[in-house]
Amino acid sequence: MNRPGWILLYGPPGVGKTTLGRWLAARLELPFYDLDERIQQVNGRTIPQIFQEEGESGFRQREKSALKELLTLPPGVAALGGGALLDGDNRQLAERCGTVLCLTAGLQTLLERLGEASQTRPLLKGEDGWQARLSALLEARREHYASFETRLPTDGRTLDETGGEALCALGIFPIRGMERPYRMMVHNGILELAADHLNEIGRSRTAALVCDSNTARLYAEKVEKPLTAAGWRVRRCVVPAGEAHKTLQTTADLWAQFVEGGLERGSLVVALGGGVVGDMSGFAAAAFLRGVDWVNLPTTLLAMVDASIGGKTGVDLPQGKNLVGAFHPPRLVLADPLVLSTLPIGEVRSGMAEVIKHGVIGDPALLDACADGAQGLSGGWEWLVRRAAAVKVRVIEADPYEQGLREVLNFGHTLGHALEKSSGYRLRHGEAVAIGMVAETRLAERLGIAERGLSGRLAAILSRWGLPVDPPAGLSAEQIRAGLTVDKKRRDGQLRFSLPHRAGQVLHGVIVPAEEALREVIG
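Because the structure is predicted, anything quoted here is derived from the model rather than measured.

Criteria and cut-off values
- Residues numbered from 1 in each chain as written.
- Predicted model: local features only at pLDDT ≥ 70, side-chain atom pairs only at ≥ 80, totals over all residues.
- Heavy atoms only, no water.
- Helix = DSSP H or I, 4+ residues; strand = E, 2+ residues; numbered from the N terminus.
- Contact = heavy atoms within 4.5 Å.
- UniProt positions renumbered as here; feature names shortened; annotations may be inferred.
- Buried < 20%, exposed > 50% of the residue type's maximum accessible area, 1.4 Å probe, protein only.
- Pairing = 2+ DSSP bridges.
- Axes fitted to C-alpha atoms, helices over the stretch in contact; angles between N-to-C directions.
- Salt bridge = Lys/Arg side-chain N within 4 Å of Asp/Glu carboxyl O.
- Parallel < 35°, antiparallel > 145°, perpendicular 65-115°, else oblique.
- Left-handed = near helix turned anticlockwise from the far one by under 90°.
- Nonpolar A, V, L, I, M, F, W, Y, C, P; charged D, E, K, R; others polar.
- Phe/Tyr/Trp six-rings, centres within 6.5 Å; stacked < 30°, edge-to-face > 60°.

### As for the side chain of His-328
Now for step 1: Within the element layout of this structure, His-328 appears in the loop between strand 13 (320-327) and strand 14 (332-335).
Now for step 2: Setting aside chain neighbours within four positions, we find His-328 in contact with Gly-282, Ala-285, Ala-286, Val-292, Trp-294, Gly-311 and Thr-313.

### Some details on the UniProt feature "binding site: substrate" (unreviewed entry) in the chain
Now for step 1: Summarizing the sequence annotation, UniProt attributes the feature "binding site: substrate" (unreviewed entry) to Asp-36, Arg-60, Gly-82 and Arg-141 in the numbering used throughout.
Now for step 2: Looking at the secondary structure, you find Asp-36 in helix 2 (residues 35-43).
Now for step 3: The exposure class assigned to Asp-36 is partly exposed, which follows from its relative accessible area of 26%.
Now for step 4: When neighbours within four sequence positions are excluded, Asp-36 is seen to be in contact with Ile-47, Phe-59, Glu-63 and Gly-81.
Now for step 5: Its place among the elements puts Arg-60 in helix 3 (residues 47-70).
Now for step 6: Classification of Arg-60 by relative accessible area gives buried; the value is 19%.
Now for step 7: Leave out the neighbours within four places in its chain, and Arg-60 touches Gly-83, Ala-84, Leu-123 and Arg-141.

### Overview of the sheet that holds strand 1 (residues 6-10)
Backbone-to-backbone hydrogen bonds pair the strands of a sheet. The strands run either parallel or antiparallel.
Now for step 1: Within the open sheet, the 5 strands sit side by side as 2-3-1-4-5. Their pairing is parallel. Strand pairing shows two members of the sheet lacking a second neighbour, strand 2 (32-34) and strand 5 (151-153), which therefore form its edges. Averaged over all adjacent pairs, the angle separating strand axes in this sheet is 25 degrees, with direction ignored.
Now for step 2: Note: strand 1 against strand 4 (residues 98-104), 5 bridges, orientation parallel. Among the inter-strand pairings, Ile-7 is bridged to a residue of strand 4, identified as Thr-99.

### Concerning the pattern of salt bridges
Now for step 1: In total, this model carries 38 salt bridges according to the counting rule given.
Now for step 2: Across the salt bridge formed by Glu-95 and Arg-91, the nearest N and O atoms sit 3.2 Å from each other. One end of the pair, Glu-95, and the other, Arg-91, are both in helix 4 (residues 88-97), 4 residues apart, so they sit about a helical turn from each other.
Now for step 3: Across the pair Asp-363 and Arg-387 runs a salt bridge whose closest N-O atoms are separated by 2.9 Å. Here Asp-363, found in the loop between helix 14 (345-362) and helix 15 (364-370), pairs with Arg-387, found in helix 16 (residues 380-398); they are 24 residues apart in sequence, far enough to count as distant.
Now for step 4: Judged by relative accessible area, Asp-363 falls into the buried class, the value being 6%.
Now for step 5: One network of salt bridges, with partners in common, ties together Glu-243, Lys-246, Asp-279, Asp-316, Lys-321 and Glu-420.

### Observations concerning the packing of helix 14 against helix 18 (residues 429-446)
Now for step 1: Contact geometry for helix 14 and helix 18: axes closest at 6 Å, N-to-C directions at 40 degrees. Judged by the inter-axis angle, helix 14 sits oblique to helix 18. Seen along the crossing, helix 14 lies across helix 18 with a hand that is left-handed. Counting all contacts with helix 14, which are made through Ser-350, Ala-353, Glu-354 and Lys-357, the residues of helix 18 involved are His-429, Gly-430, Glu-431, Val-433, Ala-434 and Met-437.
Now for step 2: Along the lines of polarity and charge, the residues of the contact of helix 14 with helix 18 split into 4 nonpolar, 3 polar and 3 charged.

### Structural notes on the packing of aromatic side chains
Now for step 1: Applying the stated criterion to the full structure yields 7 aromatic pairs.
Now for step 2: Arranged with centres 6.2 Å apart and planes meeting at 55 degrees, the rings of Trp-255 and Phe-283 form a pair that is tilted. Placement of the pair is Trp-255 in helix 11 (residues 248-260) and Phe-283 in helix 12 (residues 275-287), with a sequence separation of 28 residues.
Now for step 3: Overall, the relative accessible area of 24% leaves Trp-255 in the partly exposed class.
Now for step 4: Residue Phe-283 is classed as buried on the basis of its relative accessible area, which comes to 9%.
Now for step 5: Aromatic side chains Phe-258 and Phe-288 sit 5.3 Å apart centroid to centroid with 80 degrees between the ring planes, which places their arrangement in the edge-to-face category. Highlighted residues: Phe-258 in helix 11 and Phe-288 in the loop between helix 12 and strand 11 (293-298), separated in sequence by 30 residues.
Now for step 6: On the basis of relative accessible area, Phe-288 is assigned to the buried category, the value being 9%.
Now for step 7: Taken together, the ring pairs in this structure connect Tyr-10, Tyr-145 and Phe-148 into an aromatic cluster.

### Here's the deal with the sheet that holds strand 14
Now for step 1: Ordered by their spatial adjacency, 7 strands build an open sheet running 6-7-14-11-10-8-9, and the pairing between neighbours is mixed. Each having just a single partner strand, strand 6 (172-175) and strand 9 (233-239) make up the two edges of the open sheet. Neighbour to neighbour, the strand axes of the sheet diverge by 15 degrees on average, direction disregarded.
Now for step 2: Note: strand 8 (residues 206-212) against strand 10 (residues 268-273), 5 bridges, orientation parallel. Bridge assignment links Leu-209 to a residue of strand 10, and that residue is Val-270.

This is how it looks when you write it as structure tokens:
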């Protein structure tokens, strides 16, 4: 797996840097280092002994040397001492070599965590007691800790919860559960570094760069030129843009181009585009030579938060969406939120439907942030993509092959897919899902599953983003009904819905007769 730069955990004593560091290192398959332990090993003395013999100034000099030496090693996860970055040179070096994640916690939490261990902390010793010393130290360093861009509160969280929030803050998501793990990274500007990441995972230097007529013009050169400079042979494969071209025929055209481009089993298929490009490229990779590796570079909001995650690939048939496909996870997903600036407003809105869906499924704070429209997104697109992606990652890790829990991701999609197809794909995917979510939530309220008023709140949030909440005029009930009859989530001929109970909780596998569901759409 490709390795990021250094992940450096920082913060006051007792905040959990070492514990979290070991957890992150295990999840990311990276080495773990504790800076204080390395100082003790190199000097053959404990930290209290160094303080006693050389004072704090002597310790800080040894700490500075140890940090400089540590950061010459291959990147990993490191826990730093609570004052290691007070030195300006140390801080500059650390921030140049990786990401500093500053952990925080309230005084009471730190007091409870330190307990008897406080006796081994030289800076907490004094006649006024370690509790008072800790309080004074926190106050003295308050502005220092607050100055770090990436901070993570650890109060009231389990280790797994803190670890999940840390991965989200870092924009790194290790995804496990299928035949092999892979990684998603969400960082502003990462598209320009795609060649560096592909160099680390490519078994050969041959690739097919699949893009549509839009992304070819905007981004293909940015990806292709560095790859060619690094010695790759790249075959650019351009497909027509739009859901209408997500077909077996277009896929067959891709396979022909793969052959012409000399792709072998060690080659890479690189998808550069939205959900259509990713779904089709992944399926083409799954079937070509009985399976070649592929990488997803999503360029739409919808693809970044949904379609690029989970390993589901496929194409449409005339009878319905995604009826032919395979589970074939990519080797890597690189999402660059900066490219969203080129998206038409309609595509942004379409992606926001999936973001809002993820808020309903598993992140009430994300849903709250969406409630105020674009003005409420103080963290920007990078924050939004990370939060929404984290919800899906949690779900697919628990149920990678959609045997149960993963069905919650279909909220809004049972009716949404039928609406999308019956409109002749004039409705964008996200628009159809928005209408489907409101209709399915009304259905859940009528069945006594959802809290009263949830459909109204959801409709208001979707409307704030300019998304439709009612079907457009002129859709045929017969066409919608026909779409429901070929829904791939049916079992034993029965429709299975994922219906919300409240924000953050969705029930899956709810069987509802098609006619009853249809009434929520057409009245």
